[in-house]
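Here is what each chain is made of, one letter per residue.
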Amino acid sequence: MADKETTRTVSPFEYAPAPESRAIVDIKPSYGLFVNGEFVDGTGKAFKTVNPATEEVLAEVAEASEADVDAAVKAARRAYTRVWSKMSGAERAKYLYRIARIIQERGRELAVLESIDNGKPIKESRDVDVPTVAAHFFYYAGWADKLEYAGYGTQSLGVAGQVIPWNFPLLMLAWKIAPALAAGNTVVLKPAETTPLTALLFAEICQQADLPPGVVNIVTGAGETGRALVAHEDVDKVAFTGSTDVGRAIAKAVAGTDKKVTLELGGKAANIVFDDAPIDQAVEGIVNGIFFNQGHVCCAGSRLLVQESVAEEVLGKLKRRMGTLRVGDPLDKNTDIGAINSAEQLARIRELSDIGESEGAGRWSPPCDLPSNGYWFPPTLFTGVSQAHRIAREEIFGPVLSVLTFRTPHEAVEKANNTPYGLSAGIWTDKGSRILWMANQLRAGVVWANTFNKFDPTSPFGGYKESGYGREGGRHGLEGYLK
Amino acid sequence: MTSTAAPSPTTIAGSTSFDDITASNASLRRFLHGLPGVDQVGAEARAASLGTRSIKTTAKAYALDLAIRMVDLTTLEGQDTPGKVRALASKAMRPDPADLSCPQVAAVCVYPDMVGVAKETLGSSGVNVAAVATAFPSGRAALDIKLADTRDAVEAGADEIDMVIDRGAFLAGNYLQVFEEIVAVREACGDAHLKVIFETGELQTYDNVRRVSWLAMMAGGHFIKTSTGKVQPAATLPVTMIMLEAVRDFREATGQMIGVKPAGGIRTAKDAIKYLVTVNEVAGPDWLDPDWFRFGASTLLNDLLMQRTKMTTGRYSGPDYFTLD
Amino acid sequence: MNARIDVRKTYKLYIGGAFPRSESGYSYVVNDAKGKFMANAALASRKDARDAVQAARKAFPGWSGRTAYNRAQIVYRIAEVMEDRRPQFVDALQKSEGLTAARAEKVLDAAIDRLVWYAGWADKITQVVGGANPVAGPYFNLSTPEPTGVVAIVAPQESSLLGLVSVLAPVIVTGNTVVVTTSHERPLPAVTFAEVLATSDVPGGVVNILTGTPASTAPWLASHMDVNALDLTGVAGDAETAASLEEAAAENLKRVRRAPAAEPDWTLDPGTDRMTQFLETKTVWHPIGL
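Summary of the structure given here. No experiment lies behind these values; they were computed from the predicted model shown.

### As for the packing of helix 5 (residues 82-93) of chain B against helix 6 (residues 115-122) of chain B
Residue and element names in this part refer to chain B.
No. 1: One can describe the packing of helix 5 onto helix 6 by two numbers: an axis separation of 9 Å at closest approach and a directional angle of 40°. Classified by chirality, the crossing of helix 6 by helix 5 is right-handed. Listed contacts from helix 6 to Pro82, Val85, Arg86, Ala89, Ser90, Ala92 and Met93 of helix 5 are Val117, Ala118, Glu120, Thr121 and Leu122.
No. 2: In the contact of helix 5 with helix 6, the residues fall into eight nonpolar, two polar and two charged.

Following this line, the structure appears as structure tokens:
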């Protein structure tokens, strides 16, 4: 059996390369900042953004200095005071609808660029990220002239400073910008330093939509830029998605101010499989839970809790399924797992995986050939993991699954909740009353029962405990942008 | 939970016995209802995602030829005549008269009374004759009539028998009756291979598809087959995927391989390739062979041929260049 | 004739349903509004704060797991028992806040009415803030509010009863459990309130009341890693202290209700935000299929 598991069955049906054309995107050699409706040079240094699948330098991007951030906030303030806060909700809505439409029209271009800059498989950027981005703008466009029905007051806050991560560059941008604009705020958004390109393409879309200058400003850069934005005294609202450590620092930085804050932070979700689960769908849910987007997902189902009585069966099927995952060129339409976003992230995944091994957990990956250039990590699972292992407690943010077992529903709940995080959880069982009992017990903001990693603009998303506060998506997502 | 409550197959000296399971209708029911459930939404999402595989160039060429080799070229009409069947059989042996490198199909599938005609035309070409039997398509006849129907077809030279199960009995929960009927038909088949048609469009739920798959495999069917082609929906990708999971799991449990045949509704090469991707990734590459996977189809073949010609000539072809039989 | 020596009451903490003295053994002098000695009250220490958090955590699963209807009844019961003890509260209010008897009656009315108002919210807030989400796919999707967990409250310093009730009731009625530090100078109505809680079906640990100075307990509550949220209403006007408490609270991402510039007018319509601020939204997905 062991041999059967580790040797890949060679199929005569080898899928030939099916690359998506990159001709549709036009990457400029260098990019400035998007301030007041124009692309302007930054006053700081420039940094390079690379294609994580090849390590090829894609472009030089301006690193916004404190002065640049200040200029962007001023532009946002001006646009807020003179234009956006005075405009009727119905008119704001039309801009957002327009943006949504352009995103659909330029969907292919956005998807390809996202995959190039981020490393995620084109099938995900094409079928998940970009359609959800457009849907998000459509959804919040409709709210702009209906705020009085949302139950949160109708007064916008002012200027929102928004800092987003690299795992879903465009989608996180949409989660931030769409509700902010719908509620009548203007924004300064900082994309992650490793994935700035689609945000800059979005800036072009704002121009194409004739969005009034200053309503959306994009400042590229790294931690310093983000800190300057968060700390800027004319920012009324801070929205952040990223690590719990940075979230903590932001919460400290805004202490004693009047800034409204929402934080979407880390997670270490339990994906709980009972012995009466629809096993094949559960296996898909496990795979989708941890290998979707290379596991670079804050709500990833990174802890598999499987009932002992079916652990062997589930693991057997899971391993077989992992053997069919195709790791490689993000632009290949058949790629299931793309590149790790950066060398830094790869080092972190390697480090934690090595720790998992040295702490005695059993490490397994299907045989798979990884490209020689770029940042790659094979889909990996660890068996024999206990709650005491670091790989069961720390967010790895990569395609690494820790497998634990449980005997009773109470034990499953206890283990699932035994973490400072509380973002998401999964439940797999055919018994309805058990689903509802589990859903009640789990201290997590999103509970997926017999499914996993589903997102929708109408569905509020956000965490309990150290996974942050505030909700994005749905009617609830407006709350953070209104007073 | 399932494994303790329900009886399970026992393996003695390499062969698997289902005696405990099939000791009574109650024990068989316990086993079938103890199989893991199927979540419809998840199963359909998985099938849809397999359907997004992009099969190009060499992979496409391989898939098209394999699909042609897997076709059970079918005519099951009241208006079938010896002439029609002979024409179909000729096409089965030489699907593309303009291209001798084009493989022949797996079998010709006809009503029992046409088996002789088909056999005569096909001779020793290697293309099998499959006959639908057991009061196809409804299965509403007495067992002895079904068995006689089967024996007639076998005696007339059928290499393969495509039987239909008694869906009424299945839906009424008379699983043992369905089981025993398959066992009896299998015996009547002699050396002919038995394909068991479920008519999944009438069974409706994926849970039923999984249960009936196990029932038919335990009863000795060589193949499990989705549909007669007379009921909508006929074959679908998710239903076929559930059946592929069943044969995969059955081999895991017993070591025994069972074939799968989706039939009806697969009309384009593009669809056929989605099925092959599903075979490859769900059951595994061992099933990528006409011995283990078939398409029950009539119009599919011409589209496969058109796409094949496009691959070899680089031009899009048209229906006028392929025979209509 | 010797005048009768009155029996003075010892004012203690309220933790886990019991009335312990401060673990530290310290107490402090509480004077009435005119500066006349009224009583010694327990001066809660950091260890009392710790014990209170532990008691609140222990009570959380049970309290949050009760039906909303049951919580409503219990909060309503608090109002009933307060009604029963009107003279005691009026007296405490008069002495603590220097109110006339008529004014004290009015404040007590408002406090009781506020409890009744919040009691009614227990089984309505879910319908008002939760709901079904029409996702674009075959999924049932429902968002419901759940209590945040253990909430530490620095209660208002001026309004020792109405203010206390106004910050406490909205937090517990939704299922949270609470550690509250009372008005430093006016702790007596809070202690009387604790006695009401102890006799009105509120399970021990749901509300824990610490008298003393906010300075001696609030920093420990703000930095406590098993406290989920912090209400700084009682730090009104002290921006510096509020900021340092908020900063300490950031360590485990507590939900913080910031200190207002000045203590609010408690007679105004409270709105729902004191409830919603200490609620989490949980969204549950399930496929819809055969």
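### Considering the sheet that holds strand 9 (residues 259-261) of chain B
All names here are of chain B.
No. 1: Pairing is parallel across the open sheet formed by eight strands, whose spatial order is 9-8-7-6-5-4-3-10. On the outer flanks of this sheet lie strand 9 and strand 10 (295-297), each paired with one strand and no other. Each strand axis lies, on average, 25° off the axis of its neighbour in the sheet, ignoring direction.
No. 2: Where strand 6 (residues 160-164) and strand 7 (residues 193-197) come together, five bridges link them in parallel fashion.

### Overview of the pattern of salt bridges
All names here are of chain B.
No. 1: Taken as a whole, this structure holds 69 salt bridges over all chains when the rule is applied.
No. 2: Of the charged contacts in the structure, one is a salt bridge between Arg308 and Asp65, with a shortest N-O distance of 2.6 Å. Residue Arg308 is found in helix 14 (residues 300-313), and its partner Asp65 is found in helix 4 (residues 57-69); the two are separated by 243 residues along the sequence.
No. 3: Relative accessible area serves as the criterion here: at 8%, Arg308 is assigned to the buried category.
No. 4: Take Asp65: its relative accessible area is 25%, and that puts it in the partly exposed class.

### So, the sheet that holds strand 11 (residues 270-273) of chain A
No. 1: Strand order in the open sheet made by the ten strands is 13(A)-14(A)-15(A)-12(A)-11(A)-16(A)-17(A)-10(C)-4(C)-3(C), with mixed pairing throughout. The outermost strands of the open sheet, each flanked by one partner alone, are strand 13 (362-364) of chain A together with strand 3 (131-132) of chain C.
No. 2: As paired elements, strand 16 (residues 424-428) of chain A and strand 17 (residues 446-449) of chain A share four bridges and run parallel to each other. Its bridge partner being in strand 17 of chain A, A:Gly426 is matched across the sheet by A:Trp448.
No. 3: Running over the sheet, helix 11 (residues 308-322) of chain A touches strand 11, strand 12 (303-307), strand 13, strand 14 (380-383) and strand 15 (400-406) of chain A and is turned about 130° from strand 12 of chain A.

### With respect to the packing of aromatic side chains
All names here are of chain A.
No. 1: For the coordinates displayed, the defined rule picks out 27 aromatic pairs over all chains.
No. 2: For the pair Phe137 and Phe202, a centre-to-centre distance of 5.5 Å together with 25° between the ring planes defines the contact as stacked. On the criterion of sequence distance, the pair formed by Phe137 in helix 5 (residues 122-143) and Phe202 in helix 7 (residues 197-208) is long-range, its members being 65 residues apart. Summarising the burial analysis for this pair, Phe137 and Phe202 share the class buried.
No. 3: Taken together through their ring pairs, the aromatic side chains of Trp175, Trp448, Phe452, Phe455 and Phe461 make up a single cluster.
No. 4: The cationic tip of Lys237 hangs over the ring face of Tyr481; the distance from NZ or CZ to the ring centre is 4.6 Å.

### What to know about the interface of chain C and chain A
No. 1: Listed per partner, the contact involves 35 residues of chain C and 44 residues of chain A.
No. 2: Inspection of the chain C/chain A interface yields three salt bridges.
No. 3: Measuring nitrogen to oxygen at the nearest pair gives 3.6 Å for the salt bridge that ties A:Arg443 to C:Glu146.
No. 4: At the boundary of chain C with chain A, the tally comes to 26 residue pairs in polar contact (both at pLDDT 80 or more).
No. 5: Listing elements by their share of the side of chain C that touches chain A, those giving two or more residues are helix 5 (125-129), strand 4 (139-147), helix 9 (239-249) and strand 10 (279-287) of chain C.
No. 6: Counting residues per element, the side of chain C that touches chain A draws most heavily on strand 10 of chain C, at eight residues.
No. 7: Looking at the side of chain C that touches chain A residue by residue, the class counts come to 15 nonpolar, eleven polar and nine charged.
No. 8: Where strand 17 of chain A lies against strand 10 of chain C, three bridges are found, and the strand directions are parallel. Directly across from A:Val447, in strand 10 of chain C, lies its bridge partner C:Val284.

### Focus on the packing of helix 5 of chain A against helix 6 (residues 169-182) of chain A
Geometrically, a packed helix pair is captured by the angle between its two axes and the distance between the axes.
Residue and element names in this part refer to chain A.
No. 1: It is at 9 Å that the axes of helix 5 and helix 6 come closest, and there the two elements cross at 5°. Classified by the angle their axes make, helix 5 and helix 6 are roughly parallel. Seen from helix 5, the contacting residues are Asp129, Val130, Thr132, Val133, His136, Phe137 and Tyr140; seen from helix 6, they are Leu170, Leu171, Leu173, Ala174, Trp175, Ile177, Ala178, Pro179 and Ala182.
No. 2: Taken together, the residues of the contact of helix 5 with helix 6 break down into 13 nonpolar, two polar and one charged.

### Overview of the interface of chain B and chain C
No. 1: Contacts between chain B and chain C engage five residues on the former and six residues on the latter.
No. 2: The junction of chain B with chain C conceals about 460 Å² of combined surface from both sides, 62% of it contributed by carbon and sulfur atoms.
No. 3: Contact with chain C buries area across many residues of chain B, yet B:Asp39, B:Gln40 and B:Val41 alone supply 75% of it, more than any other trio.
No. 4: Counting across the chain B and chain C interface gives zero salt bridges.
No. 5: Grouping the amino acids of the side of chain B that touches chain C by side-chain chemistry returns two nonpolar, two polar and one charged.

About the thresholds
- As a convention, each chain's residues are numbered from 1 in the sequence order in which they are written.
- Just so you know, chain letters begin at A and ligand numbers begin at 1, following the order they were written in.
- The model is predicted, so local features are restricted to residues of pLDDT at least 70 and side-chain atom pairs to those at 80 or more, both for listing and for counting; the totals for chains, interfaces and linings are taken over all residues.
- As a rule here, side-chain values cover all heavy atoms of the structure and leave hydrogens and water aside.
- Lines fitted to the C-alpha atoms define the axes, with helices restricted to the stretch that makes contact. Angles between their N-to-C directions range from 0 to 180 degrees.
- Only runs of H or I of at least four residues qualify as helices and only runs of E of at least two qualify as strands under DSSP, and these elements are numbered from the N terminus.
- Left-handed describes a crossing in which the near helix is turned anticlockwise from the far one by less than a right angle; the clockwise case is right-handed.
- It only takes one pair of heavy atoms within 4.5 Å for two residues to be counted as in contact.
- Charged means Asp, Glu, Lys or Arg here, nonpolar means Ala, Val, Leu, Ile, Met, Phe, Trp, Tyr, Cys or Pro, and polar covers whatever is left, Gly included.
- Pairing between strands is defined by DSSP: at least two bridges between the two strands are required.
- Here, a salt bridge means any Lys or Arg side-chain nitrogen found within 4 Å of an Asp or Glu carboxyl oxygen.
- Buried residues are those whose accessible area, probed at 1.4 Å on protein chains only, stays under 20% of the maximum for their type, while exposed residues exceed 50% and partly exposed ones sit between those limits.
- Here a pair means two rings of Phe, Tyr or Trp (six-membered ring of Trp) with centres within 6.5 Å. Their orientation is stacked below 30 degrees between planes, edge-to-face above 60, and tilted elsewhere.
- Lysine NZ or arginine CZ positioned within 6 Å of the ring centre and within 35 degrees of the ring normal marks a charge as sitting over the ring.
- Under this definition, polar contacts are N or O atom pairs within 3.5 Å; protein pairs additionally need one hydrogen-donor-capable and one acceptor-capable atom, and for neighbouring residues in sequence, both atoms have to be side-chain atoms.
- Oblique is the label for every angle not falling under 35 degrees (roughly parallel), over 145 degrees (roughly antiparallel), or within 65 to 115 degrees (roughly perpendicular).
- As a working definition, buried area equals the accessible area (1.4 Å probe) given up by two parts on being put together, with both sides summed.

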